[in-house]
Amino acid sequence: MTKVVILNKGIIASIIGPTGPEQRRLANRVMEEALKQAALSIQEITFIVATGYGRINVPFADKQFTEITCHARGIVHLFPEARTIIDIGGQDVKGIKIDVSGKVIDFVMNDKCAAGSGRFIEVIADTLGVSLDTVGDLSLQSSHPATISNICTIYAQQEVAASLAEGVPLSDLLAGVHQSLADRICRMVNRLRVEQAVIVTGGGGKNRGLLQALSEQLGQEILVPEEPLITGALGAALMGKEIVEKARQNNTPLETKERILGAVEIL
Amino acid sequence: MGDKQSHIFDTVKNYYNNYGLRAKELKGEGKQFIGYVCSLVPLEIITASGCTPFRVRGSVHEPITRGDTLLETIVCPYYRSVFDLSVKGKYNFLSGLVIPHGCDSMVRSFSAWSYGLPFSYFHFVNIPSVCDESSLEFFDAELDAFRKSLEKFTGKAITEEHLRQAIRVHNENRDKVRALYEMRKADPPLISGTELTMTLTAGSSLPIEESNGLFDQILTEVKGRGKSPLKKGPRIFIDGACLDNIELIKLVEELGGNVVADTICNGARDHFPKTEMGGDPISALSRRYLGKINCPKTYRENKAGTFEGDIASRFGDIGAYTKEYKVEGAILYVYKYCDPFGFEVPARKAYYQSLNIPLLPLEDVYSSGTIGQLRTRVQAFLEMIG
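Residues numbered from 1 in each chain as written. Chains lettered and ligands numbered in written order. Predicted model: local features only at pLDDT ≥ 70, side-chain atom pairs only at ≥ 80, totals over all residues.

**Q** Looking at this model, I keep getting lost on the overall build of chain B. Mind explaining?
**A** A tally of regular secondary structure across chain B gives 16 helices and eight strands. A compact globule built from 386 residues should have a C-alpha radius of gyration of about 21 Å, and chain B, at 20 Å, falls within 12% of that. With respect to the three principal axes, the spread of C-alpha positions in chain B is 60 × 60 × 50 Å. Taken across its 386 residues, chain B has 47% of its residues classed as buried. Long-range contacts, defined as pairs at least 24 residues apart, comprise 74% of the intrachain contacts of chain B with a sequence gap of at least 6. (Helix = DSSP H or I, 4+ residues; strand = E, 2+ residues; numbered from the N terminus. Rg over C-alpha atoms; globule rule 2.2 N^0.38 Å. Buried ≥ 20, exposed ≤ 12 C-beta atoms within 10 Å, placed from the backbone. Contact = placed C-beta atoms within 7 Å.)

Below is the structure:
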């Protein structure tokens, strides 16, 4: 997903759009939509920060920061008491440790494959023929969560299909999938020595079944932002705002790109 | 940069990109090159035999293909890549190959190398796993056996004088590397990590005298620089095994960090320890290679009796380097399936924590295909400590 947050004194636009293989074009379109919502032209935007996997593919961005720094910044803005952040995204999972002053002091990311990410749930939901928005609530109806022993998404998909054929109820399978994913996330973030308050962000924050499994396994209460998908974009906007304020304070010029939102040709 | 200045780094780049170029030229003139992997092969003995030691490299840009039909994929990806290039004939100009007991991958796969490659000389050096008096005694005998096998191969005796002379020029090489490392102490450093690793890699493909000459020229060039080619940025330490390519270091430097020191085999681990002069040369070599090369494959007794004392004695060199080079953050770069380093990761992490130096542990597969994933981690780390 491509997200845009436009900030003035507060959030004046916040948009979530799809990401396709042509990220640069889409960053473009989602930006246009956000500008429309804010009733601004691109020329009126003082500074633009891009983050996430596609950060280098945003031609009109003035600066790039990693999603680790941006999520932390966004979350600390929303939850000043945050010490541990778990970002469960579509492609990967990250754990971030924050100190009292809101600074990142350590982080972990899952390795290479999507086994520990939201994509895992997407694939399983697809196999079971249920929509992604409903898997969380459905899994909460389970009384006997199934055991999913495969870590690899592809093998787990086959395992779930086989269990389904044996008559294991849907809710038990989904609960099992959430238990399995929560187990993997826990093992990873526990390397950071999890401290309260724990915030879950990213698409995973919208899945109540996953959150419950995670909370139980971590033995911690979990807080979730109202809109978990935009905390990275919010952090990026806040970082941009800080850069502008600092430049104004020190009376140094701002280095910005040309404000053109035309279509970008990808070779 | 003047014409003459860029010229010497062009030579380095050429040797780095066309690895083995000089060896192929010199082979035409009748020189014999003996390939080796790992820091634990006593190069002085090869030099003393009249042959030239040549460090065989892998390539992160070339997918492992033929190598995987002969070796299982449980072998570390770095070593598999070196093997893959070798069986594809990249190093066919070599006359022989020496492999030490540097890790399980090396000892278990030695026979695959000796069956699969067309060299007339193969030798396996048995490196003891512990370092005490009896192992040193054993290693003396082992090095003498290595010397005899090379004598048999070349048909010429390796005298004590040959050995002493070889020890002298190899020590000179190490002094020059130290002098190059001195150039990293400025902030920003006068020589980038990318330039330095490229230079050392090029050097390991040359006869030792030529390598000495090359390092001298680089040193003159760098000393002549009015100012650093780099901008100020976090001073980064690279900790790990053999990094025979510049990709990770280049990435760190592209993202604004400056690589200023390391423990890598193709860096401080290989080049910092010197061999004692005077006395019995074989015994001096066995003391250097077993006693002074700080590789996790060697077990050293925990004399302190405590965990803190143990990690301080095992990793004290890291602490000294980080102080000497004013390190602000460290990257522990470990290859997947690397057993010597893999087992040590928790202890190393604890040691960095005791030094109060932020650490980014990375596990990688020796392939340029993972650069994107590394980029996010390295950039986030630099943002964190910057």
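There's plenty left to go through after this.
**Q** Got a minute to help me understand the overall build of chain A in this structure?
**A** Helix and strand counts for chain A come out as eight helices and nine strands. Taking 2.2 N^0.38 as the reference for a compact globule, 267 residues should give roughly 18 Å; the C-alpha atoms of chain A span a radius of gyration of 20 Å, in line with that estimate. Referenced to the eigenvectors of the C-alpha coordinate spread, the extents of chain A come out at roughly 65 × 45 × 30 Å. For chain A, the share of sequence-separated contacts (at least 6 apart) that also reach a separation of at least 24 residues comes to 69%.

**Q** Sorry if this is basic, but what is going on with the domain arrangement of chain A here?
**A** Note: interface size is frequently given as the accessible area lost on complex formation between the parts. All names here are of chain A. Its domain assignment divides chain A into domain 1 (2-73 + 230-250) and domain 2 (82-224). Its C-alpha centre places domain 1 at a distance of 27 Å from the equivalent point of domain 2. Taken together, the contacts link six residues of domain 1 with nine residues of domain 2. A total of four residues in the side of domain 1 that touches domain 2 trace back to one element, the largest contributor, which is helix 2 (residues 67-78). A class-by-class count of the residues in the side of domain 1 that touches domain 2 yields three nonpolar, three polar and no charged. (Domains from an automatic or database assignment. Nonpolar A, V, L, I, M, F, W, Y, C, P; charged D, E, K, R; others polar.)

**Q** Any chance you could explain the interface of chain A and chain B here in plain terms?
**A** Listed per partner, the contact involves nine residues of chain A and eight residues of chain B. Of all elements in the fold, only helix 2 and strand 7 (104-109) of chain A reach the threshold of two or more residues within the side of chain A that touches chain B. Looking at the side of chain A that touches chain B element by element, the count peaks at three residues for strand 7 of chain A. Looking at the side of chain A that touches chain B, its residues break down into five nonpolar, two polar and two charged.

**Q** Would you take a moment to explain the sheet that holds strand 8 (residues 198-201) of chain A for this structure?
**A** Two pairing modes exist for strands in a sheet, parallel and antiparallel, and in both the strands are linked by backbone hydrogen bonds. Residues and elements named next belong to chain A. With respect to topology, five strands assemble into an open sheet ordered 7-6-5-8-9, the strand pairing being mixed. Either end of the sheet is taken by a strand with one partner, and the two such strands are strand 7 and strand 9 (222-223). Against the sheet, helix 2 makes contact with strand 5 (84-88), strand 6 (93-98), strand 7 and strand 8, and its axis sits at roughly 60 degrees relative to strand 6, the strand it touches most. (Pairing = 2+ DSSP bridges. Axes fitted to C-alpha atoms, helices over the stretch in contact; angles between N-to-C directions.)

**Q** I'm lost on the domain arrangement of chain B in this one. Help?
**A** Residues and elements named next belong to chain B. By domain assignment, chain B separates into domain 1 (22-162) and domain 2 (225-385). Relative placement of domain 1 and domain 2: their C-alpha centres are 24 Å apart. Contacts between the two partners involve 31 residues from domain 1 and, on the opposite side, 33 residues from domain 2. At the level of secondary structure, the elements contributing two or more residues to the side of domain 1 that touches domain 2 comprise helix 3 (43-48), helix 5 (77-87) and helix 7 (133-154). In terms of residue count, helix 7 provides more of the side of domain 1 that touches domain 2 than any other element does, six residues in total.

**Q** What is the right way to read the packing of helix 3 (residues 118-128) of chain A against helix 5 (residues 153-165) of chain A from this model?
**A** Describing two packed helices takes the angle between their axes plus the distance from one axis to the other. Residue and element names in this part refer to chain A. Direction vectors running N to C along helix 3 and helix 5 enclose 30 degrees, while the axes themselves pass 10 Å from each other. Accordingly, the angle class assigned to the pair helix 3 and helix 5 is roughly parallel. Crossing of helix 3 over helix 5 shows right-handed handedness. Within the contact between the two elements, helix 3 uses Arg119, Phe120, Val123, Ile124, Thr127 and Leu128 and helix 5 uses Thr153, Ala156, Gln157, Val160, Ala161 and Leu164. Grouping the amino acids of the contact of helix 3 with helix 5 by side-chain chemistry returns eight nonpolar, three polar and one charged. (Parallel < 35°, antiparallel > 145°, perpendicular 65-115°, else oblique. Left-handed = near helix turned anticlockwise from the far one by under 90°.)

**Q** It is not clear to me how helix 11 (residues 247-254) of chain B should be interpreted in this structure. Could you clarify?
**A** An α-helix turns once every 3.6 residues. As a result, residues three or four positions apart point the same way. Residues and elements named next belong to chain B. Of the residues making up helix 11, those classed as buried are Leu248, Ile249, Val252 and Glu253. Angular distribution of buried residues about the axis of helix 11 spans 135 degrees; they occupy a single face of the element. Its buried side turned inward, helix 11 meets helix 9 (193-203), strand 5 (235-240), strand 6 (258-262), strand 7 (329-335) and helix 16 (371-385). Two residues or fewer past helix 11, Gly256 is found with a positive phi of approximately 105 degrees. (Arc of directions from axis to C-beta.)

**Q** Can you help me understand the pairing of strand 4 (residues 121-125) of chain B in this one?
**A** Look at any regular strand and the pattern is simple: side chains alternate between the two faces of the sheet. All names here are of chain B. Bridging between strand 3 (residues 96-100) and strand 4 involves five bridges; their strand directions are parallel. From the neighbouring strand, Gly96 faces strand 4, where its bridge partner is Tyr121. Between strand 3 and its parallel partner strand 4, the chain crosses via helix 6 (residues 104-116), and the hand of that crossover is right-handed. (Right-handed = clockwise from strand over helix to strand, strands pointing away.)

**Q** Whenever I open this one, the sheet that holds strand 7 of chain B confuses me. Can you help?
**A** All names here are of chain B. Read from one edge to the other, the open sheet built from four strands follows the order 6-5-7-8, with strand pairing classed as parallel. Only two strands of the sheet have a single partner each, and these edge strands are strand 6 and strand 8 (359-364). Recorded for the sheet is a direction-independent mean angle of 30 degrees between the axes of neighbouring strands. Pairing analysis gives six bridges linking strand 7 to strand 8, with the strands arranged parallel. Counterpart to Ala330 in the pairing with strand 8 is Leu359. Relative to the sheet, helix 15 (residues 339-355) contacts strand 5, strand 7 and strand 8, its axis offset from that of strand 7 by approximately 170 degrees. Its contacts with the sheet place helix 16 against strand 7 and strand 8, and it is angled at close to 175 degrees to strand 8.

**Q** Even after reading the chapter, I still don't get the confidence of the model for chain B, so can you show me in this structure?
**A** Close inspection of predicted coordinates is inappropriate for parts of the model with low pLDDT. Looking at chain B, the pLDDT average stands at 94 and 98% of residues meet or exceed 70. In the model output, the complex is listed with pTM 0.90 alongside ipTM 0.86. (pLDDT = per-residue confidence, 0-100.)

**Q** Looking at this structure, I do not really get the packing of helix 9 of chain B against helix 10 (residues 208-223) of chain B. What am I missing?
**A** Residues and elements named next belong to chain B. With their axes 9 Å apart at the nearest point, helix 9 and helix 10 run at an angle of 160 degrees to one another. In terms of axis orientation, helix 9 runs roughly antiparallel to helix 10. In this structure, helix 9 crosses over helix 10, and the sense of that crossing is right-handed. On helix 10, the residues touching Thr199, Ala202 and Gly203 of helix 9 are Ser211, Leu214, Phe215 and Ile218.

**Q** Sorry if this is basic, but what is going on with the environment of Ile88 of chain A here?
**A** Residue and element names in this part refer to chain A. Within the element layout of this structure, Ile88 appears in strand 5. Separated by 13 residues in the primary sequence, Ile88 and Ile75 have C-alpha atoms spaced 14 Å apart. Look past the residues within four positions of Ile88 in its chain and what remains in contact with it is Val93, Ser117, Gly118, Ile185, Val200, Gly202, Gly203, Gly204 and Gly205.

**Q** For this particular structure, what's the right way to read the environment of Glu195 of chain B?
**A** With respect to the helices and strands, the residue Glu195 of chain B is situated in helix 9. Here the alpha-carbon distance between Glu195 of chain B and Phe9 of chain B, two residues 186 residues apart in the chain, equals 8.0 Å.

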